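# An overview of the molecular structure
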Amino acid sequence: MALMNSDHPVGFFFEYKTVKYVVAQNKKVGMLYRIFQLIIIGYLIGWVFVTKKRYQVTDETILSSVVTKVKGVALIKTAGSDHKLWGPEDYVIPQQAENRLFITTNFIETRNQRLGNCSENPKVLDGICTQNEDCTQGKAVVAGNGIKTGICLKNKDNSSTCEIYGWCPVETRQPQEEPLLKAEDFTLYIKNFIRFSKFDFFKSNVDNISAAYLKNCTHDMTLHPTCPIFRLGDIVEKAGQCFHDIAKKGGSIGILIEWQCDLDKDYSACNPHYSFIRLDSNMSANAGYNFRYVRHVNNANGEIHRTLYKVFGIHIDIIVFGTVGKFSIIPTMINIASGLALMGAGAYVCDIVLLYMMKKRTLYRGSKFERVTINGNSSEAPTGLQKRLNQACFD
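Below: a short report on this structure. (Residues numbered from 1 in each chain as written. Predicted model: local features only at pLDDT ≥ 70, side-chain atom pairs only at ≥ 80, totals over all residues. Heavy atoms only, no water.)

Along the backbone of the protein chain there are eight helices and 15 strands. Put simply, the protein chain has 395 residues, and 36% of those count as buried. For the protein chain, the share of sequence-separated contacts (at least 6 apart) that also reach a separation of at least 24 residues comes to 67%. Carbon and sulfur atoms form 57% of the exposed surface of the protein chain, whose accessible area is close to 24,700 Å². (Helix = DSSP H or I, 4+ residues; strand = E, 2+ residues; numbered from the N terminus. Buried < 20%, exposed > 50% of the residue type's maximum accessible area, 1.4 Å probe, protein only. Contact = heavy atoms within 4.5 Å. Areas by Shrake-Rupley, 256 points an atom, 1.4 Å probe, with all protein chains shown as cover.)

Below, the structure written as structure tokens:
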């Protein structure tokens, strides 16, 4: 009976191909192969599963809500005014915000401004003049404080500037030498609510904290890492900045709240990590953070006057981000299969060493590759497999 081969119409249904293994007894190559296997196993267990937790399905889409509250008072003494006591209602702008707030630490005050005519500030370039023709009537002063009246005025310091219609006297531009608010001990309370929709997981940074603990704690990386109350001086210091400098000219600080939660662990193990960074540059010529606002008052005669404030302070951005993960069989099997595939690369490397780098590579080639010639002539002695194949072809 003839052996059924692949040329038969249905022969391939009854065939099975398998790999022929050649065991090479070589200590160096054997050691190389085992080391390669150990590296792959170590990578798979240590890096993929333990460090990166690739056995989990993750969700990085975090929904977040932030509530802030600032506490602290400061006694302020400015030129030409009595002592003032400022609280959060005075120095926190705006009073309610989602992820950001501004805390005033210094300001320049221009009091009792009324609508009328006065001389433009000499530091405003478009307001400088030598004659009336330089002050076109009805034209606004570029980057200035009012509308030109067409008159060039001589000032007490011998400078000449255009007369304007605006809020007079114009803004004082002499900066304060020292911050007016001693704000280092102001405290910032941050309440953060987060939700990961993929796992329907939600939590806040105050879930496991009692009211009694909140009344006495201040955030500390070592002693109180979960306390959500931060001292303003500590925030600036942990951002690597000098509080005096940033309080004088202002600056922008980022508070980073990072949530890295493992849902395979207990709910209480999911807690935020806080870090701090300065967001603006303090190296440029216009470094700092400031803006202006006014407070209008009606006097006894019904006249409107105002106080103009140019405020400097710490602009705080609260940035929330994170990842939540949970075990899943699908990524686990995918990563195990990837590790096993990498082990096949070890055999490929060892084959290259044996075939091309060893002294006895010819012997290994002869053992690994078996040349079979069917119905043909070969200079090599026929092997047992070749004899069987030739006999099948003659039957």
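Structure's up, so let's keep going.
Moving on: unusual backbone geometry. Ile93 connects to Pro94 through a cis peptide bond whose omega is -10 degrees. Between Cys168 and Pro169 the backbone carries a cis peptide bond, its omega angle lying at -5 degrees. Assignment of secondary structure puts Pro169 in the loop between strand E8 (160–168) and strand E9 (187–196). Although it is not a glycine, Ala143 adopts a positive phi angle of roughly 55 degrees. Relative to the helices and strands, Ala143 is located in the loop between strand E6 (100–119) and strand E7 (146–154). Overall, the relative accessible area of 64% leaves Ala143 in the exposed class. With phi around 70 degrees, Asn158 is a residue other than glycine that occupies positive phi space. With respect to the secondary-structure elements, Asn158 resides in the loop between E7 and E8.

This next bit is on the state of the cysteines. Counted according to the given criterion, the structure contains five disulfides. One disulfide bridge connects Cys135 with Cys162, the sulfur atoms lying 1.9 Å from each other. Across the disulfide from Cys135 to Cys162, rotation about the S-S bond amounts to roughly -85 degrees, and the bridge is consequently left-handed. One end of the pair, Cys135, is in the loop between E6 and E7; the other, Cys162, is in strand E8, and 27 residues separate them in sequence. Given a relative accessible area of 2%, Cys135 falls into the buried group. Here Cys217 pairs with Cys227 through a disulfide, and the sulfurs are 2.0 Å apart. Judged by the sign of its S-S torsion, about 75 degrees, the bond between Cys217 and Cys227 is right-handed. Residue Cys217 is found in the loop between helix H3 (211–214) and strand E11 (229–231), and its partner Cys227 is found in the loop between H3 and E11; the two are separated by ten residues along the sequence. Exposure class is identical for Cys217 and Cys227. Each is buried. (Disulfide = S-S within 2.5 Å.)

Taken N-terminus to C-terminus, the directions of helix H1 (residues 27–51) and helix H6 (residues 329–356) make an angle of 160 degrees; their axes are 9 Å apart at the nearest point. For the element pair H1 / H6, the angle class is roughly antiparallel. Pair H1 / H6 crosses with right-handed handedness. Of the residues in H6, those touching H1 at Val29, Leu32, Tyr33, Phe36, Gln37, Ile40, Ile41, Tyr43, Leu44, Val48 and Phe49 are Thr332, Asn335, Ile336, Gly339, Leu342, Met343, Ala345, Gly346, Ala347, Cys350, Val353 and Leu354. Its residues placed into classes, the contact of H1 with H6 shows 18 nonpolar, five polar and no charged. (Axes fitted to C-alpha atoms, helices over the stretch in contact; angles between N-to-C directions. Parallel < 35°, antiparallel > 145°, perpendicular 65-115°, else oblique. Left-handed = near helix turned anticlockwise from the far one by under 90°. Nonpolar A, V, L, I, M, F, W, Y, C, P; charged D, E, K, R; others polar.)

Summed over the entire model, instances satisfying the criterion amount to ten salt bridges. Notably, a salt bridge pairs Lys53 with Asp262, separated by 3.2 Å at the nearest N-O pair. With Lys53 in the loop between H1 and strand E1 (56–59) and Asp262 in strand E12 (residues 251–262), this residue pair connects regions lying 209 residues apart in the sequence. Between Arg295 and Asp90 there is a salt bridge, with the nearest N and O atoms lying 3.8 Å from each other. Of this pair, Arg295 sits in strand E14 (residues 290–298) while Asp90 is found in helix H2 (residues 88–91), placing the two residues 205 residues apart along the sequence. Look at Asp90 and you get partly exposed, because its relative accessible area is 22%. (Salt bridge = Lys/Arg side-chain N within 4 Å of Asp/Glu carboxyl O.)

So far we have only geometry, and geometry alone does not tell us how the molecule works.
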